[in-house]
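Structural description and commentary
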Amino acid sequence: MIHRKDFQAGLIGRKLSHSFSPQIHAELADYNYTLFELEPDDVGTFLQNGSFDATNVTIPYKKTVMPYLAEISDEAQKIGSVNTITRTAKGLRGDNTDYFGFSYMLQKSGIAVKNKKCLVLGSGGASVTVCAVLEDMGAEVIVISRTGENNYENLDRHKDAAVIVNTTPVGMYPNNGESPVDLSLFPALSGVLDLIYNPARTQLLLDAQKLHIPCINGLTMLTAQAKKACELFLDTRIDDSEIDRITAKIAQDSENIILIGMPGCGKSTAGKLLAEQTGRQFADTDEVIVQKAGMSIPDIFAKYGEAHFRRLEHEAVCECAKKSGFVIATGGGVIKTESNFDALHQNGKVIWLQRDLQLLPSDGRPLSQQEGIVKLFAQRKPLYERFCDAVAQCEAEATLTAQNILSAFTAAFKEERQ
Ligand code: NAP
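Here's a quick rundown of the structure. Bear in mind that the values here come from a model prediction, so they are computed numbers and not experimental data.

Conventions we followed
- Residues numbered from 1 in each chain as written.
- Predicted model: local features only at pLDDT ≥ 70, side-chain atom pairs only at ≥ 80, totals over all residues.
- Heavy atoms only, no water.
- Pairing = 2+ DSSP bridges.
- Helix = DSSP H or I, 4+ residues; strand = E, 2+ residues; numbered from the N terminus.
- Contact = heavy atoms within 4.5 Å.
- Axes fitted to C-alpha atoms, helices over the stretch in contact; angles between N-to-C directions.
- Buried < 20%, exposed > 50% of the residue type's maximum accessible area, 1.4 Å probe, protein only.
- Arc of directions from axis to C-beta.
- Near = heavy atom within 4 Å.
- Polar contact = N/O pair within 3.5 Å; in protein donor to acceptor, adjacent residues only side chain to side chain.
- Areas by Shrake-Rupley, 256 points an atom, 1.4 Å probe, with all protein chains shown as cover.
- Nonpolar A, V, L, I, M, F, W, Y, C, P; charged D, E, K, R; others polar.

Quick word on the sheet that holds strand E9 (residues 163–166)
By way of backbone hydrogen bonds, the strands of a sheet pair with one another, either parallel or antiparallel. Sheet architecture is open: five strands sit in the order E8-E7-E9-E10-E11, paired in parallel fashion. Each of the sheet's edge strands pairs with one partner strand only, and the pair in question is strand E8 (140–144) and strand E11 (215–216). Here helix H6 (residues 203–210) sits on the sheet in contact with E9, strand E10 (191–194) and E11, set at roughly 160 degrees to E10.

In structure tokens:
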């Protein structure tokens, strides 16, 4: 951590409320890092009069800022966009640290691109940077653009693609669950890179994981470009290992801890306590359903049946699992709806909370009463096994249960990153 409390840094863009940059820069240095949400007409005035020592630039102003700069680095000039502005004796200087960011992400992914056919989805600002890096690494680059010669209607021309890089916003929060392409069209794929980092696993990356194709999200690029920007801000050097440390920290902090398990196993009690202890927010999908339906769960079952309840539950799961850094308790039967699998895993590790069947209550739980707990468990056990990333035991003391969940979550998170 570099100490420069007197230094005024920031980020200019249009909509910044979901930006991870303040958290990343807070790990790099203790300077002030302010978010400046500007309308297009205000960008020039801000650059001329704003009281900042240095600033980052994001969507949609990476080109807009260029005419206001006295000097632009060769890299930024070549890529045609600026994401870092510093003050020099000549005036404002523009750099592009996204080139370094994507190079670092590519290197970390271990995905080989030299002499390989790489499809880059999208032709916007990030696409230009990605293409420059891939070309410099010796890849054969094809840009897929909705309006280009190579587009989403003739993807079969490129069945032999080895690598896909998504530089479109398709699948990005709040439009979680959408994917720009069907990966099954590309049997020779050996890597998928998505520049999106919220959610942590876009539908594209979840699909890649199911096909056992190596893949990576855009958080490493975001952290790497921020490290390079911080070096330019303060005219200093920071070891690359900081990129990995900060990426892992932000990824872990923003990953949801999701609890599944039999009705009455203690998900809500332990989940609330864990949220309090870790400073996370708490959500309970059953509470969301009750609030939206305006009636209790037994009443929903009695009036509309289980299929209707499962639809409401899926909606509640999608709403809660889009969030970042929450503890989320789910209903016992959440694993019965297959589409909940991707929704829960897009931003979270799923922990199966296990409790002795003899200790499970059945009051207020329609299926536990109808089916009997032992029979219900026998039906659901394979589904809990399939959905979970790790297992935690429920203890007599909720504090111990919360500890077990946290240990299981941390171990599952570390295992994924190895
Ligand atoms: P941009 O300039 O708006 O370009 C995005 C491109 O995606 C567009 O030019 C368009 O290309 C395509 N596109 C847009 N909407 C689409 C849709 N509905 N369906 C299919 N294609 C669509 O944005 P950008 O600055 O390049 O950023 C793109 C994405 O990369 C964003 O999600 C951004 O958050 C992410 N990003 C991440 C990092 C990082 O550090 N991880 C850095 C930069 C950007 P066509 O018109 O040619 O189809």
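Comments concerning the sheet that holds strand E3 (residues 54–57)
Taken in spatial order, the six strands line up as E2-E1-E3-E5-E6-E4 in an open sheet, and their pairing is mixed. Each edge of the open sheet is held by one strand with a lone partner, namely strand E2 (32–37) and strand E4 (71–72). The sheet contact formed by strand E1 (residues 8–13) and E3 spans two bridges and is parallel. The partner of leucine 11 across the bridge, within E3, is asparagine 56. Packed on one face of the sheet, helix H1 (residues 21–28) meets E1, E2 and E3 and runs near 160 degrees to E2.

Regarding H1
Taken as a whole, H1 has its buried residues at Ser21, Ile24, His25, Glu27 and Leu28. When H1 is viewed along its axis, its buried side chains cluster within an angular range of 155 degrees and face the same direction. Buried residues along H1 sit against E1, E2, E3, helix H7 (219–234) and helix H8 (241–254).

As for the site of the ligand
Near the ligand lie 20 residues; those nearest to it are Ser123, Ala126, Ser145, Arg146 and Leu195. Glycine 125 is positioned with one of its backbone polar atoms (N or O) 3.1 Å from an oxygen atom of the ligand. Between the ligand and the protein, one listed contact pairs an oxygen atom with a backbone N or O atom of arginine 146 at 2.9 Å. For the ligand, the accessible surface in isolation is 910 Å², of which the surrounding protein chains cover 76%. Broken down by secondary-structure element, the contributors of at least two residues to the shell around the ligand are helix H5 (125–136) and H7. Considering only residue class, the shell around the ligand consists of 10 nonpolar, eight polar and two charged.

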